[in-house]
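Structural overview for review
So you can see what is in the structure, the chains are spelled out below.
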Amino acid sequence: AHRLGIKSPLGAIPAIVLGAQAVSPLDMASAFSTIANYGERVDTYLIERIEDADGNVIYQHQVVATQVLEPALAAAVVNTMEKVITRGTGPRADIGRPQAGKTGTHENNTDTWFVGYIPQFATAVWVGFPDSQVEMKNITVNGEFYSRVYGSTLAAPIWNEFMTIVTADLPIEDFP
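Presented here is an overview of the structure given in this document. From a predicted model like this one, the values you see are computed outputs, not experimental measurements.

1. Here's the deal with the sheet that holds strand β7 (residues 122-128)
Taken in spatial order, the three strands make up an open sheet running β5-β6-β7, and their pairing is antiparallel. Edge positions in the sheet fall to β5 (100-105) and β7, since each of these pairs with one other strand and no more. Shown here is a sheet whose adjacent strand axes are inclined to one another by a mean of 5°, direction ignored. When strand β6 (residues 111-117) meets β7, the two strands line up antiparallel, connected through seven bridges. Pairing of D111 across the sheet is with G128, part of β7.

2. Some points on the side chain of T34
Along the chain, T34 turns up in helix α1 (residues 25-36). If sequence neighbours within four positions are ignored, T34 has contacts with L4, G39, E40, R41 and V68.

3. As for the packing of α1 against helix α2 (residues 71-86)
Contact geometry for α1 and α2: axes closest at 8 Å, N-to-C directions at 110°. Between α1 and α2, the angle falls in the class roughly perpendicular. Facing F32, I35 and A36 of α1, the residues of α2 in contact are A74, V77, V78 and M81. The residue inventory of the contact of α1 with α2, partitioned by class, reads seven nonpolar, no polar and no charged.

4. Some words on the environment of T140
Counting through the fold element by element, T140 comes out in strand β8 (residues 137-141). T140 gets classed as exposed once you look at its relative accessible area, which sits at 52%. Placed 122 residues apart in sequence, T140 and L18 show a C-alpha to C-alpha distance of 28 Å.

5. Structural notes on the pattern of salt bridges
Under the defined criterion, the tally for this structure stands at six salt bridges. A salt bridge links R92 to E144; its shortest N-O distance comes to 3.3 Å. With a gap of 52 residues between them, R92 in the loop between α2 and β5 and E144 in strand β9 (residues 144-148) connect regions that are remote in the sequence. The salt bridge partner of R148 is E135, with a shortest N-O separation of 2.5 Å. On the criterion of sequence distance, the pair formed by R148 in strand β9 and E135 in the loop between β7 and β8 is long-range, its members being 13 residues apart. Taking relative accessible area as the criterion, R148 reaches 35% and is therefore assigned partly exposed. The class of E135 is partly exposed, set by a relative accessible area of 31%. When salt bridges with common partners are traced through the structure, they connect K7, R41 and D43 into a single cluster.

6. Thoughts on the pairing of β6
Counting buried residues in β6 gives seven out of seven residues, a clear majority hidden from the surface. Side chains D111, W113, V115 and Y117 of β6 all project onto a buried face; the interleaved residues T112, F114 and G116 project onto the opposite face, where all are buried too. Two elements, β5 and β6, share six bridges in a ladder whose sense is antiparallel. Looking at the pairing, G101 lines up with G116 of β6. Where β6 folds back on β7, the antiparallel hairpin that results is connected by four residues.

7. Things to note about the packing of aromatic side chains
Tallying each qualifying case throughout the model produces three aromatic pairs. The interplanar angle of 65° and the centroid separation of 5.2 Å between the aromatic rings of F114 and W159 together place this pair among those described as edge-to-face. Of the two residues, F114 sits in strand β6 while W159 sits in helix α3 (residues 151-166), which places them 45 residues apart along the sequence. A relative accessible area of 0% means that F114 is categorised as buried. We classify W159 as buried; its relative accessible area is 0%. Ring geometry for Y117 versus F175: centroids 5.8 Å apart, planes at 80°, classification edge-to-face. Taken together, the residues Y117 in strand β6 and F175 in the segment after α3 connect sequence positions 58 residues apart. A relative accessible area of 8% places F175 in the buried class.

Rules of the game
Residues numbered from 1 in each chain as written. Predicted model: local features only at pLDDT ≥ 70, side-chain atom pairs only at ≥ 80, totals over all residues. Heavy atoms only, no water. Pairing = 2+ DSSP bridges. Helix = DSSP H or I, 4+ residues; strand = E, 2+ residues; numbered from the N terminus. Axes fitted to C-alpha atoms, helices over the stretch in contact; angles between N-to-C directions. Contact = heavy atoms within 4.5 Å. Parallel < 35°, antiparallel > 145°, perpendicular 65-115°, else oblique. Nonpolar A, V, L, I, M, F, W, Y, C, P; charged D, E, K, R; others polar. Buried < 20%, exposed > 50% of the residue type's maximum accessible area, 1.4 Å probe, protein only. Salt bridge = Lys/Arg side-chain N within 4 Å of Asp/Glu carboxyl O. Phe/Tyr/Trp six-rings, centres within 6.5 Å; stacked < 30°, edge-to-face > 60°.

Written as structure tokens, this is what we have:
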């Protein structure tokens, strides 16, 4: 997990693969980005470029990629996560282009996730209460009533709405 880009401290417990420890949405997007890049990790950064009033570039972030996962293994994960959208729990995230992702729901519906990626971007959506574990039930969002929420019913549509805007003028690319 740390090699993929997660910076949060993690204990060595078997249930970690099931989401038994908390990580930030930024960590999740970073890790999924590494998978989307076929095992090449690029550290997250805030500022890509700064230009002066005349358009001269006075700062340009230099991206450094480090291979941290075998490309064939990452390709298998990408292929599997593409099926989450087409045949699994994530069809409400479908933005009509090559994409992959994973839904997630914490026990008692206290947190929902959708972390997804296209070849150019990875985005994580988390829905929950930041200060406590509050069960999300009997709520209405955008006019739709939910007796219980899941990553597939709440986080995935938010991801879809956001990524539809992000990709509006972005060329469609396919995974290698």
